[in-house]
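If you want the building blocks of each chain, they are given just below.
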Amino acid sequence: MDTSICEAAMCLWEAMLEARSMEGTSQAAWAAPIFARWDQWGTVEMRHDCVALAPIAERVWMAIRETGEEDHLVPFDWEFIPAFLRRVEFTDARCSYAFETIDEAAMVADLLAIKAVPA
């Protein structure tokens, strides 16, 4: 068992729960597609999404770490994972296979670029 992928899945789930707890607030506006999917397919499907996204998140994270420019995305669970989730396109499709089309290289570039944006 790859514990780093398991941890990524748990962090994704935690971030989704955190966003869900703020639903209806301006802080969670970015997560509207997640909420729509959640409302349509339920909690089990969202957990399956976390499992499907975990290896992708891990690969993107490792690619970012290889650049040595991950400081603005640390810690992994509270900075990187929410930033990663904001860039995932959630659809109303039942299965998580749509995530296979994620352009990981583009996501790495996008996540590295956010450090230049003022907070």
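Worth saying up front: this structure is predicted, and the values here are computed from it rather than measured. (Residues numbered from 1 in each chain as written. Predicted model: local features only at pLDDT ≥ 70, side-chain atom pairs only at ≥ 80, totals over all residues. Heavy atoms only, no water.)

### Some remarks on the environment of Trp 78
Spelled out, the test is: Each helix is a run of H or I in the DSSP string that is no shorter than four residues. Each strand is a run of E no shorter than two, and both are numbered from the N terminus. Working definition: with a 1.4 Å probe on protein chains only, accessible area under 20% of the residue-type maximum means buried, over 50% means exposed, and in between means partly exposed.
Along the chain, Trp 78 turns up in helix α4 (residues 76-86). A residue is classified by how much of its surface remains accessible, and Trp 78, at 47% relative accessible area, is partly exposed. For the pair formed by Trp 78 and Cys 11, sequence separation is 67 residues and the distance between their alpha carbons is 8.3 Å.

### A word on helix α2 (residues 32-41)
Note the following rule: The reported arc concerns the directions from the helix axis to the C-beta atoms and nothing else. Contacts: residue pairs with any heavy atoms within 4.5 Å of one another.
Listed as buried for α2 are Ile 34, Phe 35, Arg 37 and Trp 38. Projection of α2 onto a plane perpendicular to its axis shows the buried side chains occupying an angular sector of 165 degrees, all on one side. On its buried face, α2 sits against α1 (3-21) and α3 (43-67).

### Section: unusual backbone geometry
Among all residues save glycine, negative phi is the norm, and among peptide bonds the norm is trans. Omega for the peptide link from Val 74 to Pro 75 comes to 5 degrees, which places this bond in the cis form. Note on placement: Pro 75 falls in the loop between α3 and α4.

### Observations regarding the nonpolar core
Rule in force here: The definition of a nonpolar core used throughout is a set of buried Ala, Val, Leu, Ile, Met, Phe, Trp, Tyr and Cys residues joined through side-chain atoms within 4.5 Å.
Ranked by internal contacts, the top residues of the largest apolar core, which has 37 residues, are Leu 12, Met 16, Leu 53, Val 60, Phe 80 and Phe 84. Among the elements of the structure, α1, α2, α3, α4 and α5 (104-113) are those that each provide at least two residues to this core. Setting aside its immediate chain neighbours within four residues, Met 16 contacts Ile 34, Trp 38, Met 46, Asp 49, Cys 50, Leu 85 and Phe 90.

### What about the packing of aromatic side chains?
Using the following cut-off: Between the rings of Phe, Tyr and Trp (Trp by its six-membered ring), a pair exists once the centres lie within 6.5 Å; its type follows the angle of the planes, with under 30 degrees stacked, over 60 edge-to-face, and the other angles tilted.
This model, assessed by the stated rule, comprises five aromatic pairs. Note on Phe 76 and Phe 80: the rings are 5.4 Å apart at their centroids and 25 degrees apart in plane angle, and the pair reads as stacked. Taken together, the residues Phe 76 and Phe 80, both in helix α4 and four residues apart, mark about one turn of the helix. An identical accessibility class is assigned to Phe 76 and Phe 80; each is buried. An aromatic cluster is built from Trp 61, Phe 76, Phe 80 and Phe 84, whose rings are joined through pairwise contacts.

### Comments concerning the packing of α1 against α4
Rule in force here: Lines fitted to the C-alpha atoms define the axes, with helices restricted to the stretch that makes contact. Angles between their N-to-C directions range from 0 to 180 degrees. Throughout, the term roughly parallel applies to angles under 35 degrees, roughly antiparallel to angles over 145, roughly perpendicular to angles from 65 to 115, and oblique to all others. The classification used treats Ala, Val, Leu, Ile, Met, Phe, Trp, Tyr, Cys and Pro as nonpolar, Asp, Glu, Lys and Arg as charged, and all other residues, Gly among them, as polar.
In the contact formed by α1 and α4, the axes pass within 9 Å of each other and the chain directions differ by 75 degrees. Between α1 and α4, the angle is such that the two are roughly perpendicular. Facing Ala 8, Cys 11, Leu 12, Glu 14, Ala 15 and Met 16 of α1, the residues of α4 in contact are Phe 76, Asp 77, Trp 78, Ile 81, Phe 84 and Leu 85. Classifying every residue of the contact of α1 with α4 gives ten nonpolar, no polar and two charged.

### So, the pattern of salt bridges
Using the following cut-off: Salt bridge, as used here: a side-chain nitrogen of Lys or Arg that lies within 4 Å of a carboxyl oxygen of Asp or Glu.
With the rule as written, the count across this model stands at six salt bridges. For Asp 49, the salt bridge is made with Arg 37, and the minimal N-O distance between the two is 2.5 Å. Here Asp 49, found in helix α3, pairs with Arg 37, found in helix α2; they are twelve residues apart in sequence, far enough to count as distant. One exposure class covers both Asp 49 and Arg 37, and it is buried. In this structure, Asp 110 engages Arg 87 in a salt bridge whose closest nitrogen and oxygen atoms are separated by 2.5 Å. Of this pair, Asp 110 sits in helix α5 while Arg 87 sits in the loop between α4 and α5, and the two are 23 residues apart along the sequence. Residue Asp 110 is classed as partly exposed on the basis of its relative accessible area, which comes to 35%. Judged by relative accessible area, which is 25%, Arg 87 ranks as partly exposed. Put simply, Arg 20, Glu 23 and Asp 39 are held in one network by salt bridges that share partners.

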